[in-house]
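Below, each chain spelled out in residue letters.
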Amino acid sequence: MPKYVFIYHAPPMPADASPPEPEEVQQMMDAWYGWATSVGENLIDLGTPLSGGIRVDPEGVSASTKEVAGYSIVQADSMDTAVELAQSHPHLNMPGGCSIEVHEAEPLPGS
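Residues numbered from 1 in each chain as written. Predicted model: local features only at pLDDT ≥ 70, side-chain atom pairs only at ≥ 80, totals over all residues. Heavy atoms only, no water.

> An account of helix H1 (residues 22-39) is requested, with residue identities and associated values reported.
In this model H1 runs 26 Å from its N-terminal to its C-terminal C-alpha over 18 residues, within 8% of the 26 Å that 1.5 Å per residue would give. If you check which residues of H1 are buried, you get Trp-32, Trp-35, Ala-36 and Val-39. End-on, the buried residues of H1 take up no more than an arc of 105 degrees, which puts them together on one face. Facing away from the buried side of H1 by more than 90 degrees, the exposed set consists of Pro-22, Glu-23, Gln-27, Thr-37 and Ser-38. On its buried face, H1 sits against strand E1 (3-9), strand E2 (43-45), strand E5 (68-75) and helix H2 (79-87). Immediately downstream of H1, the backbone of Gly-40 shows phi near 65 degrees, a positive value. (Helix = DSSP H or I, 4+ residues; strand = E, 2+ residues; numbered from the N terminus. Expected span 1.5 Å × (residues − 1). Buried < 20%, exposed > 50% of the residue type's maximum accessible area, 1.4 Å probe, protein only. Arc of directions from axis to C-beta. Contact = heavy atoms within 4.5 Å.)

> I'd like a description of the environment of Asp-16, backed by residues and values.
Considering the arrangement of structural elements, one finds Asp-16 in the loop between E1 and H1. Sequence-wise, Asp-16 and Glu-59 are 43 residues apart; in three dimensions their C-alpha atoms are separated by 34 Å.

> Tell me about the packing of aromatic side chains, and name the residues and values.
If you walk through the whole model with that rule in mind, you get two aromatic pairs. Ring geometry for Phe-6 against Trp-35: centres 6.0 Å apart, planes inclined by 45 degrees, an arrangement best described as tilted. Within this pair, whereas Phe-6 is found in strand E1, its partner Trp-35 is found in helix H1, the two being separated by 29 residues in sequence. The class of Phe-6 is buried, set by a relative accessible area of 0%. For the ring pair Tyr-8 and Trp-32, a centre distance of 5.0 Å and an interplane angle of 65 degrees mean the geometry is edge-to-face. With Tyr-8 in strand E1 and Trp-32 in helix H1, this residue pair connects regions lying 24 residues apart in the sequence. (Phe/Tyr/Trp six-rings, centres within 6.5 Å; stacked < 30°, edge-to-face > 60°.)

> Give a description of a nonpolar patch on the surface that names residues and reports values.
On the surface, Ile-54, Val-56 and Val-61 cluster together into a nonpolar patch covering about 330 Å² of accessible area. Tracing the chain through its elements places Val-61 in strand E4 (residues 60-63). (Patch = residues over 30% accessible without salt bridge, like charges linked within 9 Å, V, L, I, M, F, W, Y side chains within 5 Å. Areas by Shrake-Rupley, 256 points an atom, 1.4 Å probe, with all protein chains shown as cover. Salt bridge = Lys/Arg side-chain N within 4 Å of Asp/Glu carboxyl O.)

> Now, about the sheet that holds E1: what can you tell me, with residues and values included?
The sheet built from four strands is open, its strands ordered E2-E5-E1-E6 with antiparallel pairing. Two strands lie at the open edges of the sheet, namely E2 and strand E6 (99-105), each paired on one side alone. Strand-to-strand twist in this sheet, taken as the mean axis angle between neighbours without regard to direction, amounts to 30 degrees. Strand direction decides the pairing type here: E2 and E5, joined by two bridges, are antiparallel. Bridge pairing links Asp-45 to Ile-73 in E5. (Pairing = 2+ DSSP bridges. Axes fitted to C-alpha atoms, helices over the stretch in contact; angles between N-to-C directions.)

This is the structure in structure tokens:
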């Protein structure tokens, strides 16, 4: 069954924003774990939050300008099914205009 990588995008938290209350964090995590449970065995890796990205290219290194907030890996019968899973993800309900990119993990050439 094909694997799909979900890349979570979220705007950076403003420097003057107060951190969420513990209850808000718990509600968010409950929603994420609820989604994970609904995906079941098709969830390969729930992933983790990401921050502080560094861009590496032939000219050197610099701070990443992408707003990548995390990732997950799922398996699904098709891209359409993977997109449906993404559309039901609680990340899309977070404030600030969050989004999810869905990429198919292609097999390595020659394997």
